[in-house]
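The primary structure of each chain is shown beneath.
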Amino acid sequence: MFYVIGLGLCDEKDITVRGLEAVRSCSRVYLEAYTSILMVNKDRLEAFYGKSLILADRDMVELESDEILRNAAAENVAFLVVGDPFGATTHTDLLLRARDLQIPTQIIHNASIINAAGCSGLQLYNFGQTVSLVFFTDAWKPDSFYDRIAENAKFGLHTLVLLDIKVKEQSEENLARGRKIYEPPRYMSIPTAVNQLLEIESIRKEGILDGDSTLAIALSRVGGIPSSEGSTDDDDGTQRIVAGTLLDLQAQPESMFGKPLHSLIIAGKKLHELEAIYAGAFAVNQENWNRIAKKTS
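What counts and how
- The residue numbers shown here count from 1 along each chain, following its written sequence.
- Side-chain atom pairs in this predicted model are given and counted only at pLDDT of 80 or more, local residue features only at pLDDT of at least 70, and totals for whole chains, interfaces and linings cover all residues.
- Processing note: side-chain calculations cover all non-hydrogen atoms of the structure and skip hydrogens and water entirely.
- Secondary structure follows DSSP: runs of H or I at least 4 residues long count as helices, runs of E at least 2 residues long count as strands, and numbering of each begins at the N terminus.
- Only the C-alpha atoms count toward the radius of gyration. The rule for a globule is 2.2 Å times the residue count to the power 0.38.
- Throughout this description, buried means an accessible area under 20% of the type-specific maximum (1.4 Å probe, protein chains only), exposed means over 50%, and partly exposed covers the range between.
- Surface accessibility follows the Shrake-Rupley procedure with a 1.4 Å probe radius. Residue values consider only the protein chains on display as shielding.
- Residues scored as positive are Lys and Arg, those scored as negative are Asp and Glu, and His as well as the terminal groups of each chain are ignored.
- Lys charges are placed at NZ, Arg charges at CZ, Asp charges at CG and Glu charges at CD.
- When we speak of the arc, we mean the arc of directions from the helix axis to the C-beta atoms.
- The contact rule is simple, with two residues in contact once any of their heavy atoms fall within 4.5 Å.
- Scored from 0 to 100, pLDDT reflects the predictor's confidence in each residue.
- In this analysis an axis means a line fitted to C-alpha atoms, helices contributing only their contacting stretch, and an angle means the value between N-to-C directions, from 0 to 180 degrees.
- For classification purposes, angles smaller than 35 degrees are called roughly parallel, those larger than 145 roughly antiparallel, those between 65 and 115 roughly perpendicular, and all remaining angles oblique.
- Two helices cross in a left-handed way if the nearer one is turned anticlockwise from the farther one by less than a right angle. They cross in a right-handed way if the turn is clockwise.
- Under this grouping Gly is polar, as are all residues other than the nonpolar Ala, Val, Leu, Ile, Met, Phe, Trp, Tyr, Cys and Pro and the charged Asp, Glu, Lys and Arg.
- What makes a nonpolar core is a set of buried Ala, Val, Leu, Ile, Met, Phe, Trp, Tyr and Cys residues whose side-chain atoms join them at distances within 4.5 Å.
- By definition here, a salt bridge exists when the distance from a side-chain nitrogen of Lys or Arg to a carboxyl oxygen of Asp or Glu is within 4 Å.

1. Points about the overall build of the chain
- Secondary structure assignment for the chain yields twelve helices and 13 strands.
- The C-alpha atoms of the chain give 20 Å as radius of gyration, which agrees with the globular expectation for 297 residues (19 Å, within 12%).
- Dimensions of the chain, computed from C-alpha atoms along their principal axes, come out at roughly 60 × 45 × 35 Å.
- Among the 297 residues that make up the chain, the fraction classed as buried is 47%.
- When the accessible surface of the chain is totalled, it reaches about 14800 Å², and 50% of it is carbon and sulfur.
- Of the side chains in the chain, 30 bear a positive and 41 a negative charge, and the two mean positions are spaced by 2 Å.

Next comes the structure, spelled out in structure tokens:
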């Protein structure tokens with residue numbers, strides 16, 4: 001059996017009972033290590049699961065899937081994914097390869113940022129298309145996300161913006177020279193994301209991401225202990241939620257948003273009254289939030 005098991009969002013204890021039983025039944029257990037990260041290290045997972053984990057980076061998953069699936073028709077093999085198994089297209093491709101090899105598969109679901117974004121107070125059925133925002137370079141500033149946000153805004157829908165993760169990436173020079181030297185991991189922060197969104201708005205000038213009137217909610221370490229429940233600024237697992245206009249968020253110090261991973265929600269232009277009240281509790285400028293939210297309710 002080939003298991004694809006969601007680990008949830010926070011730490012080793014987020015795995016489901018069913019998922020843990022499956023892991024402990026396996027002869028090999030792979031930990032996918034590039035589409036997202038947990039808030040604890042590999043050693044903590046191994047101690048809790050009672051199994052050694054094989055780190056599976058992008059190259060292994062995309063180029064060495066045969067090794068991952070080796071003998072899975074005769075023994076149990078697990079592939080662990082932060083969040084939910086269907087949070088990335090790579091995992092779907094791996095399941096299709098197993099299907100082609102007539103290997104039995106089983107999916108064990110868990111929480112992901114897609115549904116946990118409800119902690120913002122915005123109702124999940126009012127979300128539209130999810131978009132990704134990559135790190136800009138001097139020569140590459142893709143803006144296709146802007147059109148998706150515009151399409152959502154047309155119907156008053158919220159947009160979840162997933163921020164870029166760079167793990168085991170090579171510099172252009174090392175890539176060109178074929179050197180297996182990797183850059184340190186990078187995780188896009190809320191300030192970087194907001195600056196990039198406003199930069200594209202300054203180019204497109206369609207008002208979709210107007211800094212003064214676009215409400216947004218910044219999320220960090222969703223699934224961790226909420227900061228209001230006794231955790232300190234130094235706690236690795238502190239969940240933070242910060243709301244405001246894009247310009248409000250841009251004006252905040254980076255420390256306001258806590259440690260990665262970060263995500264950002266662009267609120268739709270038709271906020272329900274309950275959404276406005278709940279999310280408004282996280283606003284850095286309550287008066288400004290209420291004034292703009294009333295225009296969209």
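2. Examining helix 7 (residues 144–154)
- Among the residues making up helix 7, those that are buried are F145, Y146, I149 and N152. Projected down its long axis, helix 7 shows its buried positions confined to an angular sector of 125°, all on one face.
- Of the surrounding secondary structure, the elements contacted by the buried residues of helix 7 are strand 6 (131–133), strand 7 (159–163), helix 9 (190–204) and strand 13 (262–266).
- Once helix 7 finishes, G156 follows within two positions and takes phi at roughly 75°, a positive value.

3. Describing the environment of V61
- Structurally, V61 can be placed in helix 3 (residues 58–63).
- Considered as a pair, V61 and H91 are 30 residues apart in the sequence and their alpha carbons are 8.6 Å apart.
- Residues within four places of V61 in sequence aside, it is in contact with Y34, A56, I68, F79 and T90.

4. Regarding the confidence of the model for the chain
- Here the chain averages 92 in pLDDT, and 96% of its residues register 70 or above.
- In the predicted structure, residues 229–235 sits below a pLDDT of 50 and forms six contacts with residues beyond four places in sequence or in another chain.

5. As for the packing of helix 11 (residues 273–280) against helix 12 (residues 286–296)
- Where helix 11 meets helix 12, the closest approach of the two axes is 10 Å, and the angle between their N-to-C directions is 165°. In terms of orientation, helix 11 and helix 12 fall into the roughly antiparallel class. Our pair here, helix 11 against helix 12, has a crossing hand that is right-handed. Each of A276, A279 and G280 in helix 11 lies in contact with helix 12, whose residues at this interface are Q286, W289 and A293.
- Looking at the contact of helix 11 with helix 12, its residues break down into four nonpolar, two polar and no charged.

6. Remarks on the nonpolar core
- The biggest cluster of nonpolar side chains holds 26 residues, and the ones touching the most others in it are L133, F145, L209, L264 and I266.
- Of all the secondary structure elements, the ones that give two or more residues to this core are strand 6, helix 7, strand 7, helix 9, strand 10 (215–220), helix 10 (246–250) and strand 13.
- Ranked by residue count, the leading element in this core is helix 9, at six residues.
- Discounting chain neighbours no more than four positions away, the residues touching L133 are F145, V161, L162, L163, D164, M188, A193, Q196 and L197.

7. Quick word on the pattern of salt bridges
- The tally for this structure, following the rule as stated, stands at 13 salt bridges.
- Of the charged contacts in the structure, one is a salt bridge between E46 and K42, with a shortest N-O distance of 3.0 Å. Residue E46 and its partner K42 are both found in helix 2 (residues 42–49); the two are separated by four residues, about one turn of the helix.
- The network of salt bridges with shared partners includes D143, D147, R204 and E206.

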